Amino acid sequence: MRKFLLPLLFLLLFIVESLFVEYLPEKVFGFERIFVPHFLFIAILFLTIFVGRKHGIIYAAIFGLLYDVVYVEIIGIYFFLFPFISYLVYKLLQVLQANLITAFLAAIFGVSLLEIGVYEMNYLIHVTDLDFIGYMNLRFYPSLILNAVVTLIAAYPLKWLFEKHSEAIRAE
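These lines cover the structure that appears in this document, whether it is placed above or below. (Residues numbered from 1 in each chain as written. Predicted model: local features only at pLDDT ≥ 70, side-chain atom pairs only at ≥ 80, totals over all residues. Heavy atoms only, no water.)

1. Things to note about the packing of aromatic side chains
Item 1. Per the stated rule, a full pass over the model turns up 20 aromatic pairs.
Item 2. Ring plane angle 55° and centroid distance 5.7 Å describe the contact between tyrosine 119 and phenylalanine 132, whose orientation is recorded as tilted. Highlighted residues: tyrosine 119 in helix H5 (residues 100-124) and phenylalanine 132 in helix H6 (residues 132-171), separated in sequence by 13 residues.
Item 3. An aromatic cluster is defined as three or more aromatic residues linked by ring pairs; in this entry it consists of Phe14, Phe41, Tyr67, Tyr71, Tyr78 and Phe82. (Phe/Tyr/Trp six-rings, centres within 6.5 Å; stacked < 30°, edge-to-face > 60°. Helix = DSSP H or I, 4+ residues; strand = E, 2+ residues; numbered from the N terminus.)

Next up, the structure:
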């Protein structure tokens, strides 16, 4: 039963992201901005930080492909970026001590890289013609604030869950 907990958690986060976008009002706080949740990716980054590189990259690849298949017209953007950024965060946290504060900052850094990478890829293949400053104001900053707040709320429970999972893996 324990081995199904992580895939179910990630599947739940995958579904919650789409529900969040579906039910979020169009003009939040009187402004027309785009809030993009990356709850799943934040959890994958915490998995990478507190369980290990292998688990993090495997889940990042699986759910990156699932994300591409379900939400994106072009297969490969998230399939490449999820594992790549997870690996970068893993390498970054090898230099720094992995605690709650550095994990929070690394998750926000990872979400920033993901957002900019997706924008640049879409701009490169002409899916969007929005300039970079417009993108930053319309989507990047609101998404970063949303994901920072969610990370702040979920950081301790995710850390606790993944440390317990890591201990269970070591005990086997």
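2. Quick word on the nonpolar core
Item 1. Counting residues in each nonpolar core, the largest one holds 45 residues, and the members touching the most others are Phe10, Leu40, Phe46, Phe82, Leu114 and Phe162.
Item 2. Going through the elements one at a time, helix H1 (5-23), helix H2 (39-50), helix H3 (53-71), helix H4 (77-95), H5 and H6 are the ones with two or more residues in this core.
Item 3. No other element matches the eleven residues that H2 contributes to this core.
Item 4. Look past the residues within four positions of phenylalanine 10 in its chain and what remains in contact with it is Leu40, Ala43, Ile44, Leu47, Tyr59, Phe63 and Phe162. (Core = buried A, V, L, I, M, F, W, Y, C linked by side-chain atoms within 4.5 Å. Buried < 20%, exposed > 50% of the residue type's maximum accessible area, 1.4 Å probe, protein only. Contact = heavy atoms within 4.5 Å.)

3. Some details on H4
Item 1. Over its 19 residues, H4 runs 27 Å from end to end, which matches the ideal 27 Å to within 8%, given 1.5 Å per residue.
Item 2. For H4, the complete set of buried residues consists of Ile77, Tyr78, Leu81, Phe82, Pro83, Ile85, Ser86, Val89 and Leu93.
Item 3. Summarising the contacts, the buried residues of H4 are in contact with H2, H3, H5 and H6. (Expected span 1.5 Å × (residues − 1).)

4. With respect to the packing of H3 against H4
Item 1. For the pair H3 and H4, the least separation of the axes is 7 Å and the interaxial angle reads 160°. It follows from the interaxial angle that H3 and H4 lie roughly antiparallel. Judged by the twist between their axes, the crossing of H3 over H4 is right-handed. Each of Arg53, Gly56, Ile57, Ala60, Ala61, Phe63, Gly64, Leu65, Tyr67 and Asp68 in H3 lies in contact with H4, whose residues at this interface are Ile77, Tyr78, Phe79, Phe82, Pro83, Ser86, Tyr87 and Tyr90.
Item 2. Partitioning the contact of H3 with H4 into residue classes produces 13 nonpolar, three polar and two charged. (Axes fitted to C-alpha atoms, helices over the stretch in contact; angles between N-to-C directions. Parallel < 35°, antiparallel > 145°, perpendicular 65-115°, else oblique. Left-handed = near helix turned anticlockwise from the far one by under 90°. Nonpolar A, V, L, I, M, F, W, Y, C, P; charged D, E, K, R; others polar.)

5. A word on the pattern of salt bridges
Should their charged atoms come close, side chains of opposite charge can pair.
Item 1. Considering all chains together, one arrives at two salt bridges under this definition.
Item 2. Arginine 139 is the partner of glutamate 115 in a salt bridge, and the nearest nitrogen-oxygen pair spans 2.8 Å. You can see glutamate 115 sitting in helix H5 and its partner arginine 139 sitting in helix H6, a full 24 residues away along the chain. (Salt bridge = Lys/Arg side-chain N within 4 Å of Asp/Glu carboxyl O.)

6. Observations concerning unusual backbone geometry
Item 1. Positioned with a positive phi, histidine 126 is a non-glycine residue whose angle comes to about 65°.
Item 2. Along the chain, histidine 126 turns up in the loop between H5 and H6.

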